[in-house]
Amino acid sequence: MPDTRLNDKLLYPSDRRMWVSMKTPYFVFFAVLGIVPVLVAWVQFFSIGLPSIPSPAHTIPSSVGDPFGFPVWIRLTHFVNFFLMVLLVRSGLSILMDHPRLYWNDHCTPGSDWLRFTPVEVPKDRVWTAKDDSRYLSPWIGLPGFRHTVGIARHWHFLSAFFWLANGLAFVALLFCTNQWRRLVPMDWQIGADAWNVFVHYATFHLPSEPDGFYKYNPLQQLSYFGVVFMVAPVTFFTGLAMSPAIDNRFRWYPRLFGGRQCARSIHFLALLGYLGFLIPHITMVAITGLSQNMNHIVFGTDATDPAGLLVGLIGIGLVVGACFLTHWVSWYKPRLLQYTFRRFLGPFQRRFLNRMATQVEFKKQNISPYFWPNGKMPVSEDWTQLRETGFKNYRLKVFGLVENPVELSLADLRELGKQDQITMHHCIQGWSGIAHWGGFPMAKLIALVKPKAEVGTVVFHSFGEGHYGGEYYDSLSLGNAKHPQTLLAYEMNYEALSEVHGAPLRLRVENQLGYKMVKWIRAVEFVRSECTVGKGFGGKNEDDEYYPIVANI
Ligand SMILES: Nc1nc2c(c(=O)[nH]1)N[C@H]1C(S)=C(S)[C@@H](COP(=O)(O)O)O[C@H]1N2
Ligand SMILES: [Mo]
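Residues numbered from 1 in each chain as written. Chains lettered and ligands numbered in written order. Predicted model: local features only at pLDDT ≥ 70, side-chain atom pairs only at ≥ 80, totals over all residues. Heavy atoms only, no water.

### Overview of the nonpolar core
Definition in use: The set of buried Ala, Val, Leu, Ile, Met, Phe, Trp, Tyr and Cys residues whose side-chain atoms join them within 4.5 Å is what this entry labels a nonpolar core. Only protein chains enter the calculation, and the probe is 1.4 Å; a residue is then buried if its accessible area is under 20% of its type maximum, exposed if over 50%, and partly exposed in between. Counting from the N terminus, the helices are DSSP H or I runs at least four residues long and the strands are E runs at least two residues long. An automatic or database domain assignment is the source of the domain bounds shown. We call two residues in contact whenever any of their non-hydrogen atoms come within 4.5 Å of each other.
Counting residues in hydrophobic clusters, the biggest one holds 61 residues, and the most contacted among them are L397, M443, L446, F461, L489, V525 and F527. At five residues, strand β10 (residues 488–493) tops the list of elements feeding residues into this core. Looking at this core, you find at least three residues from each of domain 1 (6–333) and domain 2 (365–545). Contact partners of L446, with chain neighbours within four places excluded, come to L397, V399, L409, L417, F441, L489 and V525. Counting 31 residues, the second-largest nonpolar core is a separate cluster that includes W73, L88, M97 and L175.

Rendered as structure tokens:
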């Protein structure tokens, strides 16, 4: 368990702090992308001068149907969006740091990352787990920040994402129920040229005469608002979904829309840069084009120039900053509350939809990842070490609990339960993925053999290995998930006997869940009524100690 006394040295070790490095070609690409338009603007300015921008003649709408002003629903959704975006960005960065590498390939092969937030080159001469690789953020940047868990970061992220989506949909729906959509949606290609002209002004440090935003936006402003609302936001949502194991392993075409799961993850991050690339000029423009008046627009919906809107706006910003402190406090002192809240809100959705979709995506042999990140702590227990020394000859899988026919099975017995091969994509909660072949017997076969009693709801997998903070590693599945056609107890990986790092002699595969549910080095399988009676009662070692959710399909 993390030490809840916030100790900087322990929780934010200097050798695990964030670091940024981008592969040179990408750096050059982004630099060119950023610099070229500015250069062109300067060339235009020096050669033919500033383009003319028709000065905004009126402050009243040009035709009777044109929208003006900011009704209360715009002001409210704008504020709610700001608040939720702060939570989303802060928690998103924390999630990112847990696997501080971005790729354009689903294998996450070390060295193929185009952007990384760690200085570490993955060592080739020893086991380097994904957990060893994670970095930490200061709580000034990340939520929760420090060495707190990705479980907590994800709770904040998904809870806010849910409200963010609802808020965004409400905003867009109201745009189109009123005439306010006309402020944002360009109806004429001319806007491209007009926006460029405005850009030439800004890029060469000239301020064109601005229309009063209460009545009309300037063309560049309109295009950028349109881009954020109708392009960047949907991209964030859809690339977010493309990281779900349940969705990816059910609908193969879905992550492919983005070039694969890791491309979706990279694009999700680029969308963040898109938001920041919008936010900084947005705030700057609000400040330099008449701060008080602009703040009255968005706070009170009036076109006045007094400082009331600014003052109340600052209080609103203060509230959001206060919420950052509160969320930090909740993360550290009430993590269970957060875990429960997540379960209460999103659990039903996961159970009703994601859990029910039987995964079916299979890959081909040539898709198998050349490298598959390992995770977890190798077992150090006497019994496992001894078994390993004799090639697991004396291994017995103990199956017990509320069953009519408890058994103890040797590897030879287990092979008689049938063999299923599948090539599937693994999704780790930290963000990496990998494709591998797994060979083993379907859990359904074992279930049929031991005949669980009617009251059984949960299957618990006990490991020889320990969790991150000590104590047995275990996890559980609902009986439904255990019966899924792709739920295996695997003894082969990539057509060879399961290696020690990857869980010898036996490990779980359950393809609609995240990796942490897939217990390695399995010692025993137990059938129980519910997870409440096992460990601390939250469904698994990571659920107990790191506040991960019990259902892991997003
Ligand atoms: N016993 C045990 N099983 C475990 C873990 C662990 O720490 N201990 N880590 C889990 C996590 S977080 C992942 S992503 C997968 C990784 O499997 P791999 O090492 O074969 O890649 O194993 C899971 N099974
Ligand atoms: Mo994981």
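Resuming the write-up.
### Things to note about the domain arrangement of the protein
Where we set the bar: We define buried area as the total accessible area lost by two parts upon association, computed with a 1.4 Å probe and summed across both.
Domain boundaries assigned for the protein yield domain 1 (6–333) and domain 2 (365–545). Taking only C-alpha atoms, the centre of domain 1 and the centre of domain 2 are 40 Å apart. Of the residues lining the interface, 30 residues belong to domain 1; the matching set on domain 2 comes to 25 residues. Where domain 1 abuts domain 2, roughly 2,300 Å² becomes buried across the two surfaces, and 58% of that area is made up of carbon and sulfur atoms. Three residues, H107, N249 and R261, lead the burial of domain 1 against domain 2; their summed loss comes to 24% of the area buried on that side.

### Quick look at the side chain of R135
Filter applied, for reference: Neither His nor the chain ends is counted toward charge; the positive residues are Lys and Arg and the negative residues Asp and Glu. A carboxyl oxygen of Asp or Glu within 4 Å of a side-chain nitrogen of Lys or Arg is what we treat as a salt bridge. As used in this structure description, the phrase polar contact means that two N or O atoms lie within 3.5 Å; if the pair is within protein, one of them must be able to donate a hydrogen and the other to accept it, and residues adjacent in sequence are counted only when both atoms belong to side chains.
With respect to the secondary-structure elements, R135 resides in the loop between α4 (130–133) and α5 (150–177). One buried charged residue, R135, forms no salt bridge at all, with the nearest opposite charge on D133 at 6.5 Å. A polar side-chain atom of R135 sits 3.4 Å from a polar atom in the side chain of T118. Residues contacting R135, with those up to four places away along its chain left out, are D15, R16, R17, M97, P100, F117, T118, P119 and V120.

### Describing the sheet that holds strand β3 (residues 115–116)
Selection criterion: Only when DSSP finds a minimum of two bridges between them are two strands counted as paired.
In spatial order, the strands read β1-β3-β2; together these three strands make up an open sheet with antiparallel pairing. If you trace the sheet from one side to the other, it starts and ends with β1 (21–22) and β2 (101–102), each paired once. Both β1 and β3 contribute to a ladder of two bridges, which runs antiparallel. Following the sheet pairing, S21 is matched in β3 by R116.

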